[in-house]
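Read off the chains here:
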Amino acid sequence: MNNLTDINHIWHPFTPLLGGFDHIKIKEGKGAWLVTEDDRKILDAVSSWWVNIHGHANEKIARAIYKQAQKLEQVIFAGFTHDPAIKLTENLLSILPKNQKRVFFSDDGSTSVEVALKLAIQYWHNQGIEKKRIIAIEGAYHGDTFGAMSTADRGAFNKPFWPLLFDVEFIELPTHENFESVRSHFQALVAEDDVAAFIFEPLVQGAGGMRMYSPEALDNLLEIAIDHKVVCIADEVMTGFGRTGKYFSSDHLHYKPDIFCLSKGITGGFLPMGVTVASERIEAAFKTDDFTKTFFHGHSYTANPIACAAANASFEILTSEECQENIKRISTAHSAFASKIEAHTAIDNIRQQGTILAIELKSDESSYMSDLRKRIYPFFLERNILLRPLGNVIYILPPYVISADELDLIYQAIEEFLATMD
Ligand code: PMP
């Protein structure tokens, strides 16, 4: 294959057309490893953008896809349904909080968020109440479509579109120090009685730099939101499916969100799929014989049967004892490693939630634009480890099948990197 076609004609995501890194051609993957065209093995420490929760080329999921593809590859999902979607709905509802009732399928994380925002707005509209304001958290990332961008942090990534994004009220990420002021800010916003929804990444803001906050703080905000009937939207696109040590990050909370956005790990990283799940309360506003109150939203590939089959196979693996043990093992190993290196002078802050370990390095610029990124990424790649830092934040978000020895390779490389900063 001619790499010039890639260089000259393929537009890679989040990648400048000039001056970026070369794209490494991958021919296959197995478990936690990617194999390049010249047989170099690279350890995928970030689960390929957080999707491959069971590693690459998992045989059980591959078989499920093959079987489903021979039977029914796709069918229009308006007026028709199929077993893989019904099974997946049962599977998801069996592990989601009990208040969750209805599953809407879309294509990816961004569309799962768009659906959630539209559901929340229409929930009020259908009841003849015009509530339009949305509260989000500074530093949030919810995707790259317009609604998702509007509810995300305003930064260099979305600057060209600022004039077109709708207004959103942002609260600071709650910390121990600022909590009282965040709480009163939130309280003042919801007291206006025109807030439709509150959207948040529960406990971990992913793309914003693996910034973490406590379940107690979020519970406190949720209690206020629920008091004011604000629709609470948990964007679990990254945190879902075991990532934070429980099936969902919201499982660490006392108060349960009204809407869940899911994607990434749902198919084990085999096929794109987004899912928005709504509670009985949200569903009720759409259960009417007034046709105009229908949720008029849908995508061509809604509930694609092959993607559903992959998701069902991934679900079986996720809920197996072996996988749950792996999640615990990774969390324990991360904690031990964190204790070992936390006193290093180059480290500003080290934080963990389940299988996510984030190491924030001291830097003049603490953001995605930090120049440290340009040092970190090649340093690890040269050692055959794929770690894609978020600015000055190195994080590990491995597939659950990663072995103890493979984890050690990552930890050792991180220690080597820290030594270069002495
Ligand atoms: N929400 C969160 C929390 C995410 O981390 C992401 C992707 N990083 C998205 C939404 C968007 O998902 P996608 O890239 O699949 O559109």
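Rules and cut-offs
Residues numbered from 1 in each chain as written. Predicted model: local features only at pLDDT ≥ 70, side-chain atom pairs only at ≥ 80, totals over all residues. Heavy atoms only, no water. Pairing = 2+ DSSP bridges. Helix = DSSP H or I, 4+ residues; strand = E, 2+ residues; numbered from the N terminus. Near = heavy atom within 4 Å. Polar contact = N/O pair within 3.5 Å; in protein donor to acceptor, adjacent residues only side chain to side chain. Areas by Shrake-Rupley, 256 points an atom, 1.4 Å probe, with all protein chains shown as cover. Nonpolar A, V, L, I, M, F, W, Y, C, P; charged D, E, K, R; others polar. Buried < 20%, exposed > 50% of the residue type's maximum accessible area, 1.4 Å probe, protein only. Contact = heavy atoms within 4.5 Å. Patch = residues over 30% accessible without salt bridge, like charges linked within 9 Å, V, L, I, M, F, W, Y side chains within 5 Å. Salt bridge = Lys/Arg side-chain N within 4 Å of Asp/Glu carboxyl O. Axes fitted to C-alpha atoms, helices over the stretch in contact; angles between N-to-C directions. Parallel < 35°, antiparallel > 145°, perpendicular 65-115°, else oblique. Left-handed = near helix turned anticlockwise from the far one by under 90°. Disulfide = S-S within 2.5 Å. Phe/Tyr/Trp six-rings, centres within 6.5 Å; stacked < 30°, edge-to-face > 60°. Lys NZ or Arg CZ within 6 Å of the ring centre and 35° of its normal.

Participant: Mind laying out the sheet that holds strand S3 (residues 41-44), listing which residues take part and the relevant values?
Facilitator: As summarised here, the arrangement of the four strands in space is S1-S2-S3-S15, forming an open sheet in which the pairing is mixed. Looking at strand neighbours, the two that pair on one side only are strand S1 (26-30) and strand S15 (385-386), the edges of this open sheet. Of the strand pairs in this sheet, strand S2 (residues 33-36) and S3 are connected by three bridges, and their pairing is antiparallel. Paired with Leu-34 across the two strands is Ile-42, which belongs to S3.

Participant: Any details on the site of the ligand? Residues and values, ideally.
Facilitator: Around the ligand sit Trp-50, Asp-108, Gly-109, Ser-110, Tyr-141, His-142, Gly-143, Glu-201, Asp-235, Val-237, Met-238 and Lys-264, and that is every residue in its neighbourhood. A distance of 2.6 Å is found between an oxygen atom of the ligand and a side-chain nitrogen or oxygen belonging to Ser-110. Asp-235 has a polar side-chain atom sitting 2.7 Å from a nitrogen atom of the ligand. Protein chains bury 83% of the 390 Å² of accessible surface belonging to the ligand in isolation. Along the lines of polarity and charge, the residues of the shell around the ligand split into four nonpolar, four polar and four charged.

Participant: Summarise the side chain of Ser-279; cite the residues concerned and give the values.
Facilitator: Topologically, Ser-279 is positioned in strand S12 (residues 274-279). Relative accessible area serves as the criterion here: at 2%, Ser-279 is assigned to the buried category. The contact partners of Ser-279, leaving out residues within four places of it in the chain, are Asn-99, Gln-100, Lys-101 and Asp-258.

Participant: Account for a nonpolar patch on the surface, naming residues and giving values.
Facilitator: A surface patch of nonpolar side chains, amounting to about 470 Å² of accessible area, comprises Trp-11, Leu-17 and Leu-18. Of note, Leu-18 is situated in the loop between helix H1 (3-9) and S1.

Participant: Tell me what's going on with the packing of helix H11 (residues 321-341) against helix H13 (residues 404-419), and back it up with residues and numbers.
Facilitator: Relative to each other, H11 and H13 sit at 20°, their axes nearing to 11 Å. In terms of axis orientation, H11 runs roughly parallel to H13. Where H11 crosses over H13, the two elements pack in a sense that is right-handed. Facing Arg-329, Ile-330, Ala-333, His-334, Phe-337, Lys-340 and Ile-341 of H11, the residues of H13 in contact are Ala-404, Leu-407, Tyr-411, Ile-414, Glu-415 and Leu-418. Partitioning the contact of H11 with H13 into residue classes produces nine nonpolar, one polar and three charged.

Participant: Outline the state of the cysteines, supporting the account with residue identities and numerical values.
Facilitator: By definition, a disulfide links the sulfur atoms of two cysteine residues through a covalent bond. Inspection of every chain in the model, using the stated rule, returns zero disulfides. Looking at the unpaired Cys-261, the closest cysteine sulfur is the one in Cys-232, lying at 12 Å. Judged by relative accessible area, Cys-261 falls into the buried class, the value being 0%.

Participant: Lay out the pairing of strand S10 (residues 231-235) in plain terms, naming residues and giving numbers.
Facilitator: Judged by how many residues are buried, S10 sits mostly within the fold: five of five residues are covered. Here S10 pairs with strand S11 (residues 259-262) via three bridges, running parallel. Each residue of the ladder has a partner; that of Asp-235, found in S11, is Cys-261.

Participant: Please give an account of the packing of aromatic side chains that cites residues and values.
Facilitator: Applying the stated criterion to the full structure yields 17 aromatic pairs. On the basis of an interplanar angle of 75° and a centroid distance of 5.3 Å, the ring pair of Phe-104 and Phe-295 is categorised as edge-to-face. With Phe-104 in strand S4 (residues 100-106) and Phe-295 in the loop between helix H9 (280-284) and helix H10 (305-318), this pair connects stretches of sequence that are 191 residues apart. Aromatic pair Phe-337 and Tyr-411: ring centres 4.2 Å apart, planes at 15°, arrangement stacked. Taken together, the positions of Phe-337 in helix H11 and Tyr-411 in helix H13 put the pair 74 residues apart, joining distant regions of the chain. Grouping aromatic residues by their ring pairs yields a cluster made of Phe-14, Trp-49 and Phe-157. Over the face of the ring belonging to Trp-33 we find Lys-41, whose NZ or CZ atom lies 4.8 Å from the ring centre. Lying over the aromatic face of Trp-124, Lys-131 brings its terminal NZ or CZ to 4.4 Å of the ring centre.

Everything listed is a geometric property; what it means functionally is a separate question.
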